[in-house]
Amino acid sequence: MIQRFPVEIRQFSEQFVRMQLKRELADYAPLLTLEQADVIVDIDRVEQCLAQFDSVPERNRRAFAVYVLLNLRND
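Not measured: the values here are computed from a predicted model.

1. Quick notes on the packing of helix α1 (residues 7–28) against helix α3 (residues 58–69)
At a minimum axis separation of 10 Å, α1 and α3 run at an interaxial angle of 40°. Here α1 is positioned oblique relative to α3, judged by the angle of their axes. Seen from above, α1 lies across α3 with right-handed handedness. Taking contact as the criterion, the partners of I9, F12 and S13 in α1 are, on α3, N60, R61 and F64.

This is the structure we're talking about:
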């Protein structure tokens, strides 16, 4: 089903999952060391994904929100 969304929304969802995993590592891996340059690259990527997501028509963004909120995914 996710393949039916515009590429910008698919990229946003993939980036969200990547960042969520990194956040969990940062929160729960006490020996994890993060390089400032890597974090800056991640921030830039997220900002780019958000800008692309915002460029998608509102009806597609709303449909994606419903898709996520109602757990219509086939996990």
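So much for the structure itself; the text now carries on.
2. Brief notes about the side chain of S13
You can see S13 is positioned in helix α1. With a relative accessible area of 17%, S13 lands in the buried category. Leaving out residues up to four positions away in the same chain, S13 has contacts with I2 and F64.

3. Some remarks on α1
Along its 22 residues, α1 runs 32 Å from first to last C-alpha, staying within 8% of the 32 Å computed at 1.5 Å per residue. Three or more residues of α1 are buried, namely I9, F12, S13 and Q15. Down the axis, α1 shows its buried residues gathered within 165° of arc, on one side only. Buried-residue contacts for α1 involve α2 (36–55) and α3.

Rules used throughout
- Residues numbered from 1 in each chain as written.
- Predicted model: local features only at pLDDT ≥ 70, side-chain atom pairs only at ≥ 80, totals over all residues.
- Heavy atoms only, no water.
- Axes fitted to C-alpha atoms, helices over the stretch in contact; angles between N-to-C directions.
- Helix = DSSP H or I, 4+ residues; strand = E, 2+ residues; numbered from the N terminus.
- Parallel < 35°, antiparallel > 145°, perpendicular 65-115°, else oblique.
- Left-handed = near helix turned anticlockwise from the far one by under 90°.
- Contact = heavy atoms within 4.5 Å.
- Buried < 20%, exposed > 50% of the residue type's maximum accessible area, 1.4 Å probe, protein only.
- Expected span 1.5 Å × (residues − 1).
- Arc of directions from axis to C-beta.

By themselves, these are just geometric observations and shouldn't be taken as functional.
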